[in-house]
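Geometric and topological summary
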Number of protein chains: 2
Amino acid sequence: MQNNKYIVVVGCGRVGSQLANQLSREGNSVVVIDRNEATFDDLSSDFSGFRVHGDATQLSVLKEAKLSKAHAFVATTHEDNVNLMVAQIARRLFDVPHVMARVFDPKREDIYAQLGIETICPTSVAAGMFLRAIANGAMEKQGEQA
Amino acid sequence: MQNNKYIVVVGCGRVGSQLANQLSREGNSVVVIDRNEATFDDLSSDFSGFRVHGDATQLSVLKEAKLSKAHAFVATTHEDNVNLMVAQIARRLFDVPHVMARVFDPKREDIYAQLGIETICPTSVAAGMFLRAIANGAMEKQGEQA
């Protein structure tokens, strides 16, 4: 249980905010970056991390987030190109050891893998879950997996 | 292996098209409904199902899709309200036995459950996968799960 990691999350949408809240709750140091300040409203009242308001594709913003200290980096924005770019910067320029990105287009997962970026594709995951549910005739309730 | 089901999919975006393609490939009878005809371009060349161009919140469109014959119904659009509405119609008015919906706002999952709609929340799933990846220090590659 290494719950004292320094983790930078780009994008404070539904996935980013949920992730940041949970990571903070588990005792990690979390920095969330978003260019839309209003998204920070989705952080819970007990969120103990930092908010950086700015465009994560700009080096100055990533430096403000102290990216070189980070153990892990997660790009969760809605734009695959932004996620790929910031993930590459985190990996190559700031030597973050564990870099992950959300990728919407399943066809892009191969490219990401070749560039050393680990990916999660909610599209493929959702389609796969519906397929299994249909095959089983009844849904595996998500609550039972949690 | 019941691969001769009649399945209606609402929304032909990334999740809907991936799902429809795979269900068709497995031998099911599939109908995809979308109000944007261009989305049908994402169906693969071997997709053997039907395309219904129209607004799935309208009864005439659901009748055209022969919803009363359906074994399963999946609402995959980007709008939670649309998904909830068409899922309710499928359940209550067309007696479809197995009704599923994609829901973006995790807070809504409880409401859906109370209305008898089974849900998949890609947001929660993605956040959960990132959390596990960070906890493990390395990503479980999605390819290995497939």
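Our structure is the block above this text.
Being a predicted model, the structure only gives us computed values, none of them experimental.

1. Quick look at the side chain of B:Ser24
Residues and elements named next belong to chain B. Positionally, Ser24 belongs in helix H1 (residues 14-25). Judged by relative accessible area, Ser24 falls into the buried class, the value being 7%. At 3.0 Å, the side chain of Ser24 forms a polar contact with the backbone nitrogen of Ser48. Apart from the residues lying within four places of it in its own chain, the contact partners of Ser24 are Val30, Asp46, Phe47, Ser48 and Gly49.

2. Describing the layout of surface pockets
All names here are of chain A. In this structure, the second largest pocket encloses a volume near 370 Å³. Looking at which element gives the most residues to the lining of the second largest pocket, the answer is helix H1 (residues 14-25), with seven residues. Grouping the amino acids of the lining of the second largest pocket by side-chain chemistry returns four nonpolar, six polar and five charged.

3. What to know about the sheet that holds strand E3 (residues 50-53) of chain B
All names here are of chain B. Strand order in this open sheet of six strands is E3-E2-E1-E4-E5-E6, and the pairing throughout is parallel. Every other strand in the sheet has two partners, leaving E3 and strand E6 (118-120) as the edge strands with one partner each. The average angle at which neighbouring strand axes cross in this sheet is 20°, direction not considered. In this structure, strand E4 (residues 72-75) lies alongside strand E5 (residues 98-102), joined through four bridges in parallel fashion. Counted as the bridge partner of Ala75 is Ala101 from E5.

4. Quick notes on the sheet that holds strand E2 (residues 29-34) of chain A
Residue and element names in this part refer to chain A. Within the open sheet, the six strands sit side by side as E3-E2-E1-E4-E5-E6. Their pairing is parallel. Bordering the open sheet on either side are strand E3 (50-53) and strand E6 (118-120), each of which pairs with just one other strand. Within this sheet the neighbouring strands show an average axis-to-axis angle of 20°, counted without direction. When strand E1 (residues 6-10) meets E2, the two strands line up parallel, connected through five bridges. Bridged to Tyr6 within E2 is Ser29. Helix H3 (residues 80-92) contacts strand E4 (72-75) and strand E5 (98-102) of the sheet and is inclined by roughly 175° relative to E5.

Criteria and cut-off values
Residues numbered from 1 in each chain as written. Chains lettered and ligands numbered in written order. Predicted model: local features only at pLDDT ≥ 70, side-chain atom pairs only at ≥ 80, totals over all residues. Heavy atoms only, no water. Helix = DSSP H or I, 4+ residues; strand = E, 2+ residues; numbered from the N terminus. Buried < 20%, exposed > 50% of the residue type's maximum accessible area, 1.4 Å probe, protein only. Polar contact = N/O pair within 3.5 Å; in protein donor to acceptor, adjacent residues only side chain to side chain. Contact = heavy atoms within 4.5 Å. 1 Å grid on protein atoms, 1.4 Å probe; cavity = no way out; pocket = protein on both sides within 12 Å on 5 of 7 lines; lining within 4 Å. Points joined across faces, edges and corners; volume = space filled by probe spheres on them. Nonpolar A, V, L, I, M, F, W, Y, C, P; charged D, E, K, R; others polar. Pairing = 2+ DSSP bridges. Axes fitted to C-alpha atoms, helices over the stretch in contact; angles between N-to-C directions.

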